Amino acid sequence: MPPRITASAPSPFQKLLITRQPYRCLSCSIRLSQSQSESAPQPQNASSQPTTHFGFEEIPSSSKSSRVSSVFSSVASSYDTMNDLMSLGIHRLWKDHFVRSLNPGSKPLLPASSTSQEPRTEPWTMLDIAGGTGDIAFRLLAHASLLNNDHTSRVIVSDINPAMLSAGRTRAQQPQYAPYAPRLEWLEANAESLPPSIIKDNSIDLYTVAFGIRNFTSPLKALREAYRVLKPGGVFACLEFSKVENRVLDAVYKRWSFGAIPIIGQLVAGDRDSYQYLVESIERFPRQREWRDRISEAGFLVPGVDERGEGGWENLTGGVAAIHKGIKPLNGG
Ligand SMILES: C[S@@+](CC[C@H](N)C(=O)[O-])C[C@H]1O[C@@H](n2cnc3c(N)ncnc32)[C@H](O)[C@@H]1O
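Predicted model, so just to flag it, every value in this text is computed and none were measured.

Around the ligand, the surrounding shell holds 20 residues, and the nearest of these are Ala130, Gly132, Asn161, Ala191 and Gly212. At the level of secondary structure, the elements contributing two or more residues to the shell around the ligand comprise helix 3 (61-75) and helix 6 (135-148). In terms of residue count, the dominant contributor to the shell around the ligand is helix 3 (3 residues). The class makeup of the residues in the shell around the ligand is 10 nonpolar, 7 polar and 3 charged.

With that out of the way, let us pick up the packing of helix 5 (residues 90-102) against helix 6. For the pair helix 5 and helix 6, interaxial distance at closest approach is 10 Å and the crossing angle is 45 degrees. Between helix 5 and helix 6, the crossing angle belongs to the class labelled oblique. In this structure, helix 5 meets helix 6 at a crossing whose hand is right-handed. Here Lys95, Asp96, Val99 and Arg100 of helix 5 come into contact with helix 6, specifically with Asp135, Ile136, Arg139, Leu140 and His143.

With that out of the way, let us pick up the packing of helix 9 (residues 247-269) against helix 10 (residues 272-284). Taken N-terminus to C-terminus, the directions of helix 9 and helix 10 make an angle of 150 degrees; their axes are 7 Å apart at the nearest point. If you check the angle between helix 9 and helix 10, you find them roughly antiparallel. Relative to helix 10, the crossing made by helix 9 is right-handed. Note on element contacts: helix 10 touches helix 9 through Arg272, Ser274, Tyr275, Gln276, Val279 and Ile282, opposite Ser257, Phe258, Ile261, Pro262, Gly265 and Gln266. Per-class residue counts for the contact of helix 9 with helix 10 are 6 nonpolar, 5 polar and 1 charged.

With that out of the way, let us pick up helix 3. Relative to the 21 Å expected for 15 residues at 1.5 Å per residue, helix 3 spans 22 Å between its end C-alpha atoms, a close match to the ideal helical length. Within helix 3, burial applies to Val68, Val71, Phe72, Ser74 and Val75. One side of helix 3 holds all its buried residues, which, seen down the axis, span an arc of 155 degrees. Away from its buried face, by an angle of more than 90 degrees, helix 3 presents the exposed residues Ser62 and Ser66.

Given a rise of 1.5 Å per residue, 13 residues ought to cover 18 Å, and the 19 Å separating the end C-alpha atoms of helix 10 matches this to within 8%. Among the 13 residues in helix 10, 10 count as buried, and that is most of the element. Considered for burial, the residues of helix 10 that qualify are Arg272, Ser274, Tyr275, Gln276, Tyr277, Leu278, Val279, Glu280, Ile282 and Glu283.

Rules used in this analysis
- Residues numbered from 1 in each chain as written.
- Predicted model: local features only at pLDDT ≥ 70, side-chain atom pairs only at ≥ 80, totals over all residues.
- Near = placed C-beta within 6 Å.
- Helix = DSSP H or I, 4+ residues; strand = E, 2+ residues; numbered from the N terminus.
- Nonpolar A, V, L, I, M, F, W, Y, C, P; charged D, E, K, R; others polar.
- Axes fitted to C-alpha atoms, helices over the stretch in contact; angles between N-to-C directions.
- Parallel < 35°, antiparallel > 145°, perpendicular 65-115°, else oblique.
- Left-handed = near helix turned anticlockwise from the far one by under 90°.
- Contact = placed C-beta atoms within 7 Å.
- Expected span 1.5 Å × (residues − 1).
- Buried ≥ 20, exposed ≤ 12 C-beta atoms within 10 Å, placed from the backbone.
- Arc of directions from axis to C-beta.

Structural data, given as structure tokens:
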């Protein structure tokens, strides 16, 4: 970000007016999103360099992960507070529901092998991708321990951003999370190319990704990696912002997200642009049905699809967020 030269520290009101990029109003953001949402995911620019979207901007694919990384480095220290403010605390309910629906640590999880019907009794190995500050990982272990009396299952929290992981490690020392710290590992890695020597083929029982996958340069590559690392019968579970189906709720939601969130980001975190990106990235993520189809095309069995091909996801708060799941087939090893 280019340095800003100011004679004295700006007041909060002046800060609101300082933006790195031209200000995008609610209506122009929505128009831009509508005109862009039909575009192919990987268009080429004039120099034939593959491009992708960064919010509503079209950028070279090669620079997306560093741009995303600088967003999360910038928001890491205020991320948890901002999550509460932006979602009015609702993200906690969504995450609780997401984890409850996965019932981590329950036994039996899988047959010992595709040829044996004996239940497995060993602990789960869970991988929380784009795990950030550990919100999902702590919940997975708390659920396994407190509801399923499972004190051995473990979670690898993987994220591309060291600042987010570092905030998570610090949280893990807080008294309420400390009992789970020995069962957590923190891994800095890109979800699109996990290190095969650390996350081996067919080694993971449960793969979770919450509010992360829309930031990836190629969600499809991440899906292929999820398929590689999951055991046959293992579960891919994604919690992500999605599309609101009710028009009135959608209008209220868009006004809140485009109107208020960047301003809250400016006031609380001193960073309007990062939060502008976050709301734009939500607009660019595929609709529920399309995302379900991509999971299925990656080889997963999608539970909940009816005989007419409808369903296969769970909407939360009218579609503000949605849960998608996929199961790696037992013969898919
Ligand atoms: C909105 S945060 C979500 C954090 C956490 N899962 C939660 O629900 O609170 C998104 C996270 O995705 C991470 N991320 C973005 N691109 C990634 C990539 N290619 N591979 C792994 N993590 C990535 C960011 O660093 C950030 O920590």
